[in-house]
Amino acid sequence: PPSSNSIDTSFGILKRIGAVNSSKNITSLGVHLANLPVDVRLGKMMIYAVIFGCVDPVVTIAAVMSVKSPFAAPFDQRDQV
């Protein structure tokens, strides 16, 4: 099982994003985020993109943000990325 520190950190992230409230109950945003198969930060970004009508550029940015940069790996390990 995850450590209590990991759980507290995860709840902190979810609270900052607005997916849970201070009582650790899921919010309406959290319900929608739970249905998306992406990181909650990217999911919130995509939900707001729909609201503000800018889906195409935001989905492109989310796709780039969802993968590890090939420039961050040491040169001899770039084939593994």
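Scroll up a little and you will see the structure.
Keep in mind the model is a prediction, meaning the values are calculated, not measured. Counting restarts for each chain, with residues numbered from 1 along the sequence as it is written. It should be noted that, the model being predicted, local features are given only for residues of pLDDT at least 70 and side-chain atom pairs only at 80 or more, the latter also being counted only at that level, while totals for whole chains, interfaces and linings use all residues. Note that the side-chain values use all heavy atoms of the structure and ignore hydrogens as well as water.

Enquirer: Please explain the overall build of the chain as it appears in this structure.
Expert: Tallying secondary structure elements over the chain gives four helices and zero strands in all. Note on conventions: DSSP H or I runs of at least 4 residues are helices, E runs of at least 2 residues are strands, and numbering of each starts at the N terminus. In the chain, the order of α-helices and β-strands from amino to carboxyl end is α-α-α-α. Buried residues are those whose accessible area, probed at 1.4 Å on protein chains only, stays under 20% of the maximum for their type, while exposed residues exceed 50% and partly exposed ones sit between those limits. Of all 81 residues assigned to the chain, the portion counted as buried reaches 15%. Should any heavy atoms of two residues lie within 4.5 Å, those residues are considered in contact. Put simply, of all contacts in the chain between residues at least 6 apart along the chain, 12% involve residues at least 24 apart. Counting every atom, the chain has about 6200 Å² of accessible surface; 61% of that belongs to carbon and sulfur. The Shrake-Rupley method, run with a 1.4 Å probe, gives the accessible areas here. Residue values count only the displayed protein chains as cover.

Enquirer: Explain helix α1 (residues 4-17) here, please?
Expert: Quick reminder: α-helices carry 3.6 residues per turn. Residues three or four places apart thus point the same way. Spanning 14 residues, α1 covers 20 Å between terminal C-alpha atoms, matching the ideal 20 Å at 1.5 Å per step. Phi turns positive, to about 100 degrees, at G18, one or two residues after α1. Helix span is expected to be 1.5 Å times the residue number reduced by one.

Enquirer: Where do I start with the packing of aromatic side chains in this structure?
Expert: Describing an aromatic ring pair means giving the distance of the ring centres and the angle of the ring planes. Side-chain rings of Phe, Tyr and Trp (the six-membered ring for Trp) are treated as a pair once their centres are within 6.5 Å; stacked means planes under 30 degrees apart, edge-to-face means over 60, and tilted covers the remaining angles. Scanning all chains against the criterion turns up one aromatic pair. Their ring planes at 25 degrees and their centres at 6.1 Å tell us that Y48 and F52 sit as a pair that is stacked. With Y48 and F52 both in helix α3 (residues 40-52) and four residues apart, this pair spans about one turn of that helix. Residue class for Y48 comes out partly exposed when judged on its relative accessible area of 38%. Look at NZ for Lys and CZ for Arg. If either is within 6 Å of the ring centre and within 35 degrees of the ring normal, a charge sits over the ring. The ring centre of F11 lies 4.7 Å from the NZ or CZ of K24, which sits over that ring.

Enquirer: Could you clarify how one ought to interpret the environment of V20 in this entry?
Expert: Of note, V20 is situated in the loop between α1 and α2 (28-34). Taking the relative accessible area as the measure of exposure, V20 reaches 10% and is therefore buried. With 11 residues separating them in the primary sequence, V20 and V31 have C-alpha atoms 9.3 Å apart. If we ignore the near neighbours within four places in the chain, the residues touching V20 are F11, L14, K15, N25, I26 and T27.

Enquirer: Whenever I open this one, the packing of α1 against α3 confuses me. Can you help?
Expert: Two packed helices can be described by the angle between their axes and the distance between those axes. Where α1 meets α3, the closest approach of the two axes is 11 Å, and the angle between their N-to-C directions is 10 degrees. On the basis of their axis angle, the class for α1 and α3 is roughly parallel. Two secondary-structure elements touch here, α1 through I13, L14 and I17 and α3 through V40, R41 and K44. Polar here means any residue outside two lists: the nonpolar Ala, Val, Leu, Ile, Met, Phe, Trp, Tyr, Cys and Pro, and the charged Asp, Glu, Lys and Arg; Gly therefore counts as polar. Taken together, the residues of the contact of α1 with α3 sort by class into four nonpolar, no polar and two charged. A fitted line through C-alpha atoms serves as each axis, taken over the contacting stretch for helices, and the angle formed by two N-to-C directions is quoted from 0 to 180°. Throughout, the term roughly parallel applies to angles under 35 degrees, roughly antiparallel to angles over 145, roughly perpendicular to angles from 65 to 115, and oblique to all others.

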